[in-house]
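# What the coordinates show
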Amino acid sequence: MSTTHLVTGATRGIGLEFARQLSQRGDVVLATARDPKNAGELSGFRLSIGGLDVADPISIEGLTEALSDRPIDVLINNAGVGSPTKSIADCTADELQRVFMINSIAPMLVAKAALPSLRLGKRKIIVNISSQLASITNNTGGSSYAYRASKAALNQLNKSLANELGPEGFTCVVVHPGWVRTDMGGPNAPILPPDSVKMLLKLIDALTPADNGKFFNNDGTILPW
Ligand SMILES: NC(=O)c1ccc[n+]([C@@H]2O[C@H](COP(=O)([O-])OP(=O)(O)OC[C@H]3O[C@@H](n4cnc5c(N)ncnc54)[C@H](OP(=O)(O)O)[C@@H]3O)[C@@H](O)[C@H]2O)c1
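The rules we used
Residues numbered from 1 in each chain as written. Predicted model: local features only at pLDDT ≥ 70, side-chain atom pairs only at ≥ 80, totals over all residues. Axes fitted to C-alpha atoms, helices over the stretch in contact; angles between N-to-C directions. Helix = DSSP H or I, 4+ residues; strand = E, 2+ residues; numbered from the N terminus. Left-handed = near helix turned anticlockwise from the far one by under 90°. Contact = placed C-beta atoms within 7 Å. Nonpolar A, V, L, I, M, F, W, Y, C, P; charged D, E, K, R; others polar. Near = placed C-beta within 6 Å. Core = buried A, V, L, I, M, F, W, Y, C linked by C-beta atoms within 7 Å. Buried ≥ 20, exposed ≤ 12 C-beta atoms within 10 Å, placed from the backbone. Expected span 1.5 Å × (residues − 1). Pairing = 2+ DSSP bridges. Right-handed = clockwise from strand over helix to strand, strands pointing away.

## Considering the packing of helix 1 (residues 13-24) against helix 5 (residues 193-205)
- Between helix 1 and helix 5, the least distance of the axes is 9 Å, while the angle of their chain directions is 65 degrees. Handedness of the helix 1/helix 5 crossing: right-handed. On helix 5, the residues that touch Gly13, Ile14, Glu17, Phe18 and Gln21 of helix 1 are Pro193, Pro194, Ser196, Val197, Lys198 and Leu201.
- Grouping the constituent residues of the contact of helix 1 with helix 5 by class yields six nonpolar, three polar and two charged.

## Considerations on the site of the ligand
- With respect to spatial proximity, 30 residues lie near the ligand, and among them Gly9, Gly13, Gly80, Thr182 and Gly185 are the closest.
- By residue number, the principal contributor to the shell around the ligand is helix 1, which donates three residues.
- When the residues that make up the shell around the ligand are grouped by side-chain class, the tally is 14 nonpolar, 11 polar and five charged.

## Quick word on the nonpolar core
- Counting 60 residues, the largest nonpolar core has Ala10, Ala19, Ala31, Leu75, Ala114, Ile126 and Val127 as the members making the most contacts within it.
- Top element by residues in this core is helix 3 (residues 93-119). It accounts for nine residues.

## Some remarks on helix 1
- Taking 1.5 Å of rise per residue, 12 residues should cover 16 Å, and helix 1 covers 17 Å from first to last C-alpha, within 8% of that figure.
- Within helix 1, nine of the 12 residues are buried, leaving the element largely enclosed by the surrounding structure.
- Of all the residues in helix 1, the buried ones are Gly13, Ile14, Gly15, Leu16, Glu17, Phe18, Ala19, Arg20 and Leu22.
- The elements touched by buried residues of helix 1 are strand 1 (4-7), strand 2 (28-33), strand 3 (47-51), strand 4 (74-77), strand 5 (125-129) and helix 5.
- Just downstream of helix 1 lies glycine 26, where phi reads positive at about 100 degrees.

## Considering unusual backbone geometry
- In this structure, lysine 124 is a non-glycine residue whose phi angle is positive, near 55 degrees.
- With respect to the secondary-structure elements, lysine 124 resides in the loop between helix 3 and strand 5.
- In this structure lysine 124 comes out as buried when scored by C-beta crowding, with 22 C-beta atoms within 10 Å.
- If you check the backbone angles, serine 143 has positive phi at about 65 degrees while not being a glycine.

## As for the pairing of strand 2
- Of all six residues in strand 2, five are buried, a share of seventy percent or more.
- Pairing of strand 1 with strand 2, which is carried by four bridges, proceeds in the parallel orientation. What sits directly across from leucine 6, in strand 2, is leucine 30.
- As for the winding sense of the linkage, the β-α-β connection from strand 1 through helix 1 to strand 2 is right-handed.
- The pairing of strand 2 with strand 3 spans five bridges and is classified as parallel. The residue bridging alanine 31 from the neighbouring strand is isoleucine 49, located in strand 3.

Set out below in structure tokens:
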């Protein structure tokens, strides 16, 4: 039985690969892009593309109307940005706010906007793409101030969402895709997008309500908070 996935940030990297693999296996994909004109690589797949700039709360609010109660089984909050905040000297209010808006706040607003559709879906799954850099336990190297903190905030927000929506049968998780060779991951990353997404889809396909609130590595093991 085919499922319907909503994927944010589908123009490049991991989001594009999600759209490709899901549509190739016959699932329905609602792919979103900040600027659909940049979504050329998506043409030819079995999916529909909508405009969604996750840095703009008004754009996110428009998602509810655009979906108009169309059932969605799985939301993949993938859109994200890196940040050159290597040192405290790089931490400005503008940069921290920019990164928190896209990496932490937007996934919650997208989940809220898509909630009517997710409630009508068969699986009721919300996957927030986090990072192992969010782990406070594993932070022995510092650096990446804004990015680490924004993904740690996403993890905490996901936990609250999981606690609130769990009784309705939702499964809300945060997932590390691995160090992946994309524009963000850079050319030295050891994992190619197709391999990362293959692992992530295996994990997502197998999710059950018992997994609600967990922080997963791409291989299905649990990461420390
Ligand atoms: N690559 C890694 O090693 C790695 C590791 C851990 C976690 N992650 C996470 O995985 C996710 C995908 O990363 P990636 O490596 O595929 O990054 P990427 O190649 O840089 O792609 C980022 C995607 O996010 C979209 N995006 C950025 N700002 C947006 C906005 N305001 N509105 C809508 N879309 C926006 C981009 O769209 P445009 O083309 O319009 O800019 C692009 O499609 C991110 O959440 C990232 O933090 C990646």
